[in-house]
Amino acid sequence: MDHQQLPKMSSKLTLLSSPLQGFTDFRFRNAFHYYFGGIDTFYSPYIRLNGKLVIKGAYERDILPENNSTLNVIPQVMTNDADEFLFVVKFIQQFGYKELNWNLGCPYPMVTKQGMGSGLVKNTEQIRHILQRVHNETDIVVSMKMRMGYDDASEILDTLPMLDEFPIKNIAIHARIGKQLYKGGVDLEGFQRCVDKAKHTLYYNGDITTVDSFRKIRDQFPSIEHFMIGRGLISDPFLPQMIQNDSIDYPENRWQIFKEFHDRVYKEYDEYLSGPTPIKMKMRGFWEFFALSFDNPQKTFKKIKKANNAVQYNQATREIFREVLRK
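Residues numbered from 1 in each chain as written. Predicted model: local features only at pLDDT ≥ 70, side-chain atom pairs only at ≥ 80, totals over all residues. Heavy atoms only, no water.

Undergrad: So what about the packing of aromatic side chains? Which residues, and what values?
TA: This structure, assessed with the given rule, holds 33 aromatic pairs. Where Phe23 meets Phe289, the ring centres are 5.3 Å apart and the plane angle is 90°; that geometry is what we call edge-to-face. With Phe23 in the loop between β1 (14-17) and α1 (26-35) and Phe289 in helix α12 (residues 276-290), this pair connects stretches of sequence that are 266 residues apart. The pair Phe23 / Phe289 is uniform in exposure class, with both members buried. (Phe/Tyr/Trp six-rings, centres within 6.5 Å; stacked < 30°, edge-to-face > 60°. Helix = DSSP H or I, 4+ residues; strand = E, 2+ residues; numbered from the N terminus. Buried < 20%, exposed > 50% of the residue type's maximum accessible area, 1.4 Å probe, protein only.)

In structure tokens:
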């Protein structure tokens, strides 16, 4: 089967993967890139130190050059501490990375209550302090991923002018506030206010789940050339390449490609994770997204949820794929 990527329609359109913790590590990224393509740059899930200047093995494996040899990857850090940020800079630079993305977007309370992720957006002075030290003490290129605030979308509007003091490569904005999590729609009016106020290059992120939803966002923000896809990347892995080719048509062998992709992802995680429970929970997490591509998502996901061991899981996936491959 030929998995060669098709040419892009426009040199001005750049698609990037928004990292999802627990999902888009190097195993997923490599399988995705091989079977689907369409993503120009992948952001790795964030490195988080929790006050200890020690890098977990899983974080290191995720960004090792040999694990990302065919991908363009940018590491990400989540911290509200300058020493932690500087420590991660030195860590990634030893592997040749020249850019570090700073996560001010994570919406989950366990993060935001500690003043990190989207809980840091309104803390302008702490952001300035960290950026001053990073730019004074290192030569790393800094990019940022932000929500528009945690409690209110006006929080980012107070922060953007301060960011003008620094040579930040770009700011990717998820057009929600943190306390929404992923509920409710994106705030496109709020994003427009950011476009009007920001001097840095902005990337758009949020609810790109279909070619049609992408077209509407692209048409509404003609000055934006970079778009990040998060959950939509997992729920419909064909989406980025379809966007790149401005097409709503799936390949004729859509489900065969998807099955091969699934089988590779399952095999790699099964080899890595020890014991039946971790792989069951890992794949159940993926199928919460995968199921959305099927005609009856609830029925499809129910089959996966009922599978309590590897034999039952493989039987469930065989049934799911047999049904779509017959069509």
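Undergrad: Can you tell me about α12, naming the residues and giving the values?
TA: Relative to the 21 Å expected for 15 residues at 1.5 Å per residue, α12 spans 20 Å between its end C-alpha atoms, a close match to the ideal helical length. Every buried residue belonging to α12 is among Ile279, Lys282, Met283, Arg284, Gly285, Phe286, Trp287, Phe289 and Phe290, and all of these are buried. Elements that come into contact with the buried residues of α12 comprise α1, α9 (231-235), α11 (254-272), α13 (297-305) and α14 (310-325). (Expected span 1.5 Å × (residues − 1). Contact = heavy atoms within 4.5 Å.)

Undergrad: Hey, could you go over the pattern of salt bridges for me, with residue numbers and the actual values?
TA: A full pass over the atoms with the stated rule returns 19 salt bridges. Residues Asp25 and Arg27 are paired through a salt bridge, measuring 2.9 Å at the closest nitrogen-oxygen approach. For Asp219, the salt bridge goes to Arg218, with nearest N and O atoms at 3.3 Å. In this structure Arg218 comes out as partly exposed when scored by relative accessible area, which is 30%. Taken together, the salt bridges that share partners define one network made up of Asp83, Arg133 and Glu137. (Salt bridge = Lys/Arg side-chain N within 4 Å of Asp/Glu carboxyl O.)

Undergrad: Provide a residue-level description of the sheet that holds strand β7 (residues 171-174), including the pertinent values.
TA: With respect to topology, nine strands assemble into an open sheet ordered β3-β2-β1-β9-β8-β7-β6-β5-β4, the strand pairing being parallel. Of all strands in the sheet, those bounded by a partner on one side alone are β3 (73-74) and β4 (76-77). Sheet topology note: the strand β5 (residues 99-104)/strand β6 (residues 141-147) ladder contains six bridges and is parallel. For Glu99, the partnering residue across the bridge sits in β6 and is Val141. (Pairing = 2+ DSSP bridges.)

Undergrad: Outline the side chain of Gln244, listing residues and values.
TA: The residue Gln244 is located in helix α10 (residues 239-244) in this model. On the basis of relative accessible area, Gln244 is assigned to the buried category, the value being 1%. In this structure the side chain of Gln244 is engaged in a polar contact, spanning 2.9 Å, whose partner is the backbone oxygen of Gly38. (Polar contact = N/O pair within 3.5 Å; in protein donor to acceptor, adjacent residues only side chain to side chain.)

Undergrad: Can you tell me about the nonpolar core, naming the residues and giving the values?
TA: Among the nonpolar cores identified, the biggest contains 96 residues, and Trp102, Leu163, Phe258, Phe261 and Trp287 are the most heavily contacted of them. Dropping the residues within four chain positions of it, Phe258 is found in contact with Phe36, Pro237, Phe238, Trp287, Phe290, Phe294 and Phe321. Core analysis: the second largest hydrophobic core is formed by six residues, Leu16, Ile74, Ala172 and Met228 among them. (Core = buried A, V, L, I, M, F, W, Y, C linked by side-chain atoms within 4.5 Å.)

Undergrad: Pulling in residues and values, what's your account of helix α3 (residues 82-93)?
TA: With 12 residues, α3 ought to run about 16 Å at 1.5 Å a step, and its terminal C-alpha atoms sit 17 Å apart, in line with that. Within α3 the residues assigned to the buried category are Ala82, Glu84, Phe85, Leu86, Val88, Val89, Phe91 and Ile92. Close packing links the buried residues of α3 with α2 (57-63), β4, β5, α5 (124-137) and β6. Capping the start of α3 is the job of one residue whose side-chain oxygen sits 3.0 Å from the backbone nitrogen of Asp83: Asp81.

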